[in-house]
Structures are given as structure tokens and as C-alpha cells.
Amino acid sequence: MIKAILTDIEGTITRISFVKEVLFPYAAKQLATFIRLNENKTQVAEQIAAVKAIINEPDADIETVISVLLKWIEEDKKITPLKQIQGLIWQTGYEHGDFKGHLYADAFEFLQAQHDQGTALYVYSSGSVRAQQLLFKYSDYGDIRPLFNDYFDTKVGAKQEQAAYNTIVNQLPFDANEVLFLSDVAAELDAAQAAGLKTLHLIRDGQARTTHPYVHEFSAVTLEQYA
């Protein structure tokens with residue numbers, strides 16, 4: 001029996017183009033100025049230090065760090081300090097009303113219904129927890145953060161690695177087979193399944209079918225099939 005749902009964001013409950021065409025370009029445009037203005041603030045300084053550690057250049061200047069971050073954005077790298085900085089930049093965009101957090105209508109209706117029925121809801125995204133919470137705070141449907149029990153990002157590990165899902169389950173009051181993972185990415189579903197979670201493939205934008213159960217929209221989801 002499914003007692004909890006762990007959901008991906010991009011391509012699953014929100015349109016991929018929202019991230020690719022709105023959030024990423026916004027962060028790329030603002031990043032250099034943001035870093036230069038805030039490099040001495042604790043939250044930013046910690047991420048700058050993390051970038052230097054990753055590139056093994058402890059004495060790198062700020063312009064080198066900026067260049068690395070911009071290159072990671074261009075390459076769509078799922079690297080924790082980048083995701084943390086993007087979240088900080090997006091916060092300004094949300095607060096200024098430059099954009100709202102996009103959600104598919106059927107995804108919102110499904111999440112609301114599951115919450116109302118007592119199913120625990122969790123989020124696991126390559127975007128930072130800060131970025132996740134901002135999207136839900138400033139969503140098309142208002143502040144929907146109360147729907148979720150907790151949030152996970154790449155600090156628990158990469159989304160295509162089984163160990164990350166083991167780590168998440170160890171923090172939940174449920175057995176792995178009581179948790180349903182939702183994603184549009186086959187490799188993520190494979191990793192979650194290897195960790196013992198149930199899986200559901202959201203095929204939103206013409207992805208190839210996998211061996212996982214799949215739906216094209218949330219109105220077709222029935223948790224009873226996992227009983």
C-alpha cells in the first residue's frame with residue numbers, strides 16, 4: 001500500500017520549458033552581478049568556496065568562479081553549489097514578480113487530492129530545496145508549500161544513483177515499498193526502483209516508454225494498482 005509519494009519537479013509536475021526557458025536564463029543573466037554584490041555574504045561565500053573545491057582551485061578569483069558557474073548552467077550540470085546559488089537568484093525573481101512557479105493543472109489537482117486523503121508528499125529535485133520552496137510559495141495556485149511534508153535535493157546524492165533514494169527512505173517513517181516515486185526520467189526511476197521504491201513514469205513530452213508503469217497525465221493515476 002502506498003503511504004507516501006516522492007515527486008520530481010521538472011518535466012513531472014511542471015513543464016520542462018519553464019525551467020529551461022524561464023528560470024535558467026534568468027539565473028544566467030543575473031549571476032555575475034549577484035555574485036559580485038553578495039560574495040561576502042555567508043550563504044554565497046559558502047557556495048563560492050564549494051565551487052573552488054570542486055575545480056581544485058582554492059585561490060581562484062571571483063571572475064573564475066563566475067565563469068565556471070555560467071559554464072555549468074550552459075551544460076545543465078546538477079552540481080550542488082550551482083543549484084544553491086540559482087535558488088538564491090530565483091528568490092529575487094519570485095519576490096519581484098518577474099515570474100510565477102508553473103505547475104501543470106492536473107499535477108496540482110492530484111497533489112491536493114492526495115494531501116487531502118492523508119498521503120504524505122515529498123519532493124526530490126536537482127534544484128535546491130530553496131528553489132523548490134520558492135516555486136511552491138509563488139506558484140500559479142498560490143502558496144502550496146503546506147501540501148508537502150519535506151524536500152530533498154542533491155545534498156542526498158545524485159538522482160540517478162540508488163544510494164540517494166536509500167538515504168531519503170532512511171529519513172522517512174515509511175518502508176521503501178510504501179513510497180511511490182514520480183519522474184519523467186527513466187534513469188531516475190531505475191535508481192528508485194533499485195532502492196525498493198514503487199515507480200511511476202510521467203510521459204509528458206514524448207519520452208520513450210520504459211518498463212515502469214506510466215501515465216500521460218495525473219488524472220490516470222490510480223494508487224490501488226500498487227496495493
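As a reminder, the structure under discussion sits directly above these lines.
Residues numbered from 1 in each chain as written. Predicted model: local features only at pLDDT ≥ 70, side-chain atom pairs only at ≥ 80, totals over all residues. Heavy atoms only, no water.

Colleague: For this particular structure, what's the right way to read the overall build of the chain?
Modeller: The number of helices and strands found in the chain is 8 helices and 6 strands. Overall, the chain shows an N-to-C arrangement of helices and strands of β-α-α-α-α-α-β-α-β-α-β-α-β-β. Its C-alpha atoms give the chain a radius of gyration of 18 Å, near enough to 17 Å, the size a compact globule of 227 residues would have. Expressed as lengths along the three principal axes of its C-alpha atoms, the size of the chain is roughly 55 × 35 × 35 Å. Burial analysis of the chain (227 residues in total) assigns 52% to the buried set. Considering only contacts in the chain between residues 6 or more positions apart, those separated by 24 or more positions represent 65%. Put simply, the chain shows about 10600 Å² of open surface, and 47% of that area lies on carbon and sulfur atoms. One finds the centroid of the 20 positive side-chain charges in the chain at a distance of 2 Å from the centroid of its 30 negative side-chain charges. (Helix = DSSP H or I, 4+ residues; strand = E, 2+ residues; numbered from the N terminus. Rg over C-alpha atoms; globule rule 2.2 N^0.38 Å. Buried < 20%, exposed > 50% of the residue type's maximum accessible area, 1.4 Å probe, protein only. Contact = heavy atoms within 4.5 Å. Areas by Shrake-Rupley, 256 points an atom, 1.4 Å probe, with all protein chains shown as cover. Lys, Arg positive; Asp, Glu negative; His and termini not counted. Charge placed at Lys NZ, Arg CZ, Asp CG, Glu CD.)

Colleague: Could you clarify how one ought to interpret the nonpolar core in this entry?
Modeller: One recurring pattern in soluble globular proteins: nonpolar side chains tend to sit buried together. Counting 57 residues, the largest nonpolar core has I35, L69, W90, F136 and F148 as the members making the most contacts within it. Top element by residues in this core is helix α1 (residues 16-38). It accounts for 10 residues. Leave out the neighbours within four places in its chain, and I35 touches V44, I48, I62, I66, L69 and I85. One finds V156, V169, F181 and A192 within the second-largest nonpolar core, a separate group that totals 21 residues. (Core = buried A, V, L, I, M, F, W, Y, C linked by side-chain atoms within 4.5 Å.)

In short, the description is geometric, and any link to function would need to be established separately.
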